[in-house]
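Remarks on the overall topology
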Amino acid sequence: MSELNLILLGPPGAGKGTQAERLTQDFPLAYIATGDMLRQAVAEGTELGLKAKQFMDAGDLVPDEVIIGVALERVEADDARDGFLLDGFPRTIAQAEALEQEMEQLGRGITAVLLIDVPDEEIVRRVSGRRVSRSGRVYHVDFDPPKHEGRCDIDGSPLTQRDDDRPEVVRARLAKYHDVTAPLVRYYEDRGLLRRFDGTRTPTEVHDHIRATVATLRLEDSL
Ligand code: AMP
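Let me begin by describing the structure that accompanies this report. Computed from a predicted structure; not experimentally measured.

**Some words on the site of the ligand**
- Near the ligand, the surroundings consist of 16 residues, among which Thr34, Arg39, Asp60, Gly88 and Arg173 are the closest.
- At 3.0 Å from a nitrogen atom of the ligand is found a main-chain nitrogen or oxygen belonging to Val62.
- At 2.8 Å, a backbone N or O of Gly88 approaches a nitrogen atom of the ligand.
- Summarising the interface, the protein chains cover 95% of the accessible area of the ligand, which totals 480 Å² for the free molecule.
- The element contributing the most residues to the shell around the ligand is helix α2 (residues 34-44), with four residues.
- Its residues assigned to classes, the shell around the ligand shows six nonpolar, four polar and six charged.

**So, the sheet that holds strand β7 (residues 194-198)**
- The sheet built from five strands is open, its strands ordered β2-β3-β1-β4-β7 with parallel pairing. The open sheet has two free edges, formed respectively by β2 (30-33) and β7, since each of these has just one partner strand. For this sheet, the mean angle separating the axes of adjacent strands, direction not counted, is 20 degrees.
- In terms of strand pairing, strand β1 (residues 4-9) meets strand β3 (residues 83-87) through five bridges, oriented parallel.

**Here's the deal with the pattern of salt bridges**
- According to the stated counting rule, one finds 19 salt bridges in the structure shown.
- Of the charged contacts, one joins Arg126 and Glu122 as a salt bridge, the two residues approaching to 3.1 Å between their closest N and O atoms. Taken together, the residues span about one helical turn, with Arg126 and Glu122 both in helix α6 (residues 120-128) at a distance of four residues. In this pair, the class of Arg126 matches that of Glu122, namely buried.

Reading the values: rules and limits
- Residues numbered from 1 in each chain as written.
- Predicted model: local features only at pLDDT ≥ 70, side-chain atom pairs only at ≥ 80, totals over all residues.
- Heavy atoms only, no water.
- Near = heavy atom within 4 Å.
- Polar contact = N/O pair within 3.5 Å; in protein donor to acceptor, adjacent residues only side chain to side chain.
- Areas by Shrake-Rupley, 256 points an atom, 1.4 Å probe, with all protein chains shown as cover.
- Helix = DSSP H or I, 4+ residues; strand = E, 2+ residues; numbered from the N terminus.
- Nonpolar A, V, L, I, M, F, W, Y, C, P; charged D, E, K, R; others polar.
- Pairing = 2+ DSSP bridges.
- Axes fitted to C-alpha atoms, helices over the stretch in contact; angles between N-to-C directions.
- Salt bridge = Lys/Arg side-chain N within 4 Å of Asp/Glu carboxyl O.
- Buried < 20%, exposed > 50% of the residue type's maximum accessible area, 1.4 Å probe, protein only.

What follows is the structure, given as structure tokens:
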């Protein structure tokens, strides 16, 4: 069976992380989330973290020359050899071109790009209500509240809002998405790789649709 190399595309707050969690249970995919990698680097105070923090806090993208090397190194790692799921990368045409070149050199290819579509107003509502616990469990003040307000159900740690989930930062991230990331929709459409999903449906419905699509792709690939 050939490998599945997938990209999740969509605005911040479209539910990419939730879908990724489910998809990696359905299929043997290495999960590569550049946002998570960067947040970890910031928390650990590494050189990468120091370079990235100011951009992230402002809702800006980290420069291509900082992120491309880090992401591609991860794609080449052993655990991603049988397939990967990229979340949050590529986010610019330059990143997409770098990935395409790298895949060609490795004799591999992208299987499909899964676009989760959600309108802006819905994104602002969703993201500004998002809260995270120390262990990384994600809640939403309206849609998925903890049992006790402000405390994690699992470890009781106080819930906090990610700096980049504040409403003014969310709006900046959305503007950035439309400016520099949305052109990737056309880029991948032109290559016949784009698959669209309605991200306003429930997480389970979105997951069912994506899983069915990926299962078909895998079948077609193995024929
Ligand atoms: P995310 O969790 O994917 O929304 O990413 C959080 C933040 O990390 C973004 O707002 C960017 O500042 C930064 N980031 C993550 N992935 C990338 C990327 N591929 N290119 C540039 N910046 C990124």
